[in-house]
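Here is how the chains run, residue by residue.
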Amino acid sequence: MDILEIMKERHSVRQYKNQAIEPSKREEINALINDVNAESKLSIQVFYDEPKCFNSFMAHYGKFENVNNYIAIVGNKNEQEKAGYYGEKIVLKCQELGLNTCWVAMTHGKSKAEIKRGQKLLIIISLGYGETQGVAHKSKSIAELGKADQSTEWFDKGMEAVSLAPTAVNQQKFYFELKNGEVTAKNLGGFYSNIDLGIAKYHFEAVTGHEAK
């Protein structure tokens, strides 16, 4: 399936079926995480059949149910953008495999992630078979998310992908600009906005093949 179509189909899901992820799908996820860790130097860890992280007051407050699998993204505190970028690559692969996910900032309990000196848990992604496929989030218009000094089909397509990027509390606090053939993307500030910017950059680059600086 086309990557843009996968982005369109992927929505945040907080309630999951009590259904285990098959060994073949685990192998694909594990292999991608190994590749991503080697490339990014992050410490992304996946946990299957581990319900304790989401068996907490905060998780129930966040309306999470039956979360038995999750991905923990661990790195240095200044690697939030990288966490969003590479995390979204994994999220979209999970969607392609028929699984559902949700980016989770604070509404979870203690994870089993190994955190070394100088590292911190940057964010968690819940994972599994959703009770539903979720619903589309309200998005800003493409004109609010970016501008270009020339009309190009690839930039327009990239901005469509950016508009589909999941963000903390749907704030979409980033702005993309095409000027003199170069794309820049800036963070407009806000809660978890560096992670959001990384997610949006991955959407843009995966669809267009053009780097956003």
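Residues numbered from 1 in each chain as written. Predicted model: local features only at pLDDT ≥ 70, side-chain atom pairs only at ≥ 80, totals over all residues. Heavy atoms only, no water.

Colleague: How would you summarise the side chain of Lys201 if you had to cite specific residues and measurements?
Modeller: Tracing the backbone shows Lys201 in helix 7 (residues 193-208). Given a relative accessible area of 9%, Lys201 falls into the buried group. Apart from the residues lying within four places of it in its own chain, the contact partners of Lys201 are Glu81, Tyr85, Phe176, Ala185, Ala212 and Lys213. (Helix = DSSP H or I, 4+ residues; strand = E, 2+ residues; numbered from the N terminus. Buried < 20%, exposed > 50% of the residue type's maximum accessible area, 1.4 Å probe, protein only. Contact = heavy atoms within 4.5 Å.)

Colleague: How would you explain the pairing of strand 4 (residues 120-128) if you had to name every residue and give the values?
Modeller: In terms of burial, strand 4 is a largely internal element, seven of the nine residues being buried. Pairing of strand 2 (residues 69-75) with strand 4 involves seven bridges; the strand directions are antiparallel. Of the residues in strand 4, the one forming a bridge with Gly75 is Lys120. (Pairing = 2+ DSSP bridges.)

Colleague: Kindly report on the packing of helix 4 (residues 80-96) against helix 7, identifying the contributing residues and their values.
Modeller: Between helix 4 and helix 7, the shortest axis-to-axis distance is 6 Å and the interhelical angle comes to 50°. Considering their axes alone, helix 4 and helix 7 lie oblique with respect to each other. At the point where helix 4 passes helix 7, the crossing takes the right-handed sense. Touching Gln80, Glu81, Gly84, Tyr85, Glu88, Lys89 and Leu92 of helix 4 are Asn194, Ile195, Leu197, Gly198, Ile199, Lys201, Tyr202, His203 and Glu205, all from helix 7. Classifying every residue of the contact of helix 4 with helix 7 gives six nonpolar, five polar and five charged. (Axes fitted to C-alpha atoms, helices over the stretch in contact; angles between N-to-C directions. Parallel < 35°, antiparallel > 145°, perpendicular 65-115°, else oblique. Left-handed = near helix turned anticlockwise from the far one by under 90°. Nonpolar A, V, L, I, M, F, W, Y, C, P; charged D, E, K, R; others polar.)

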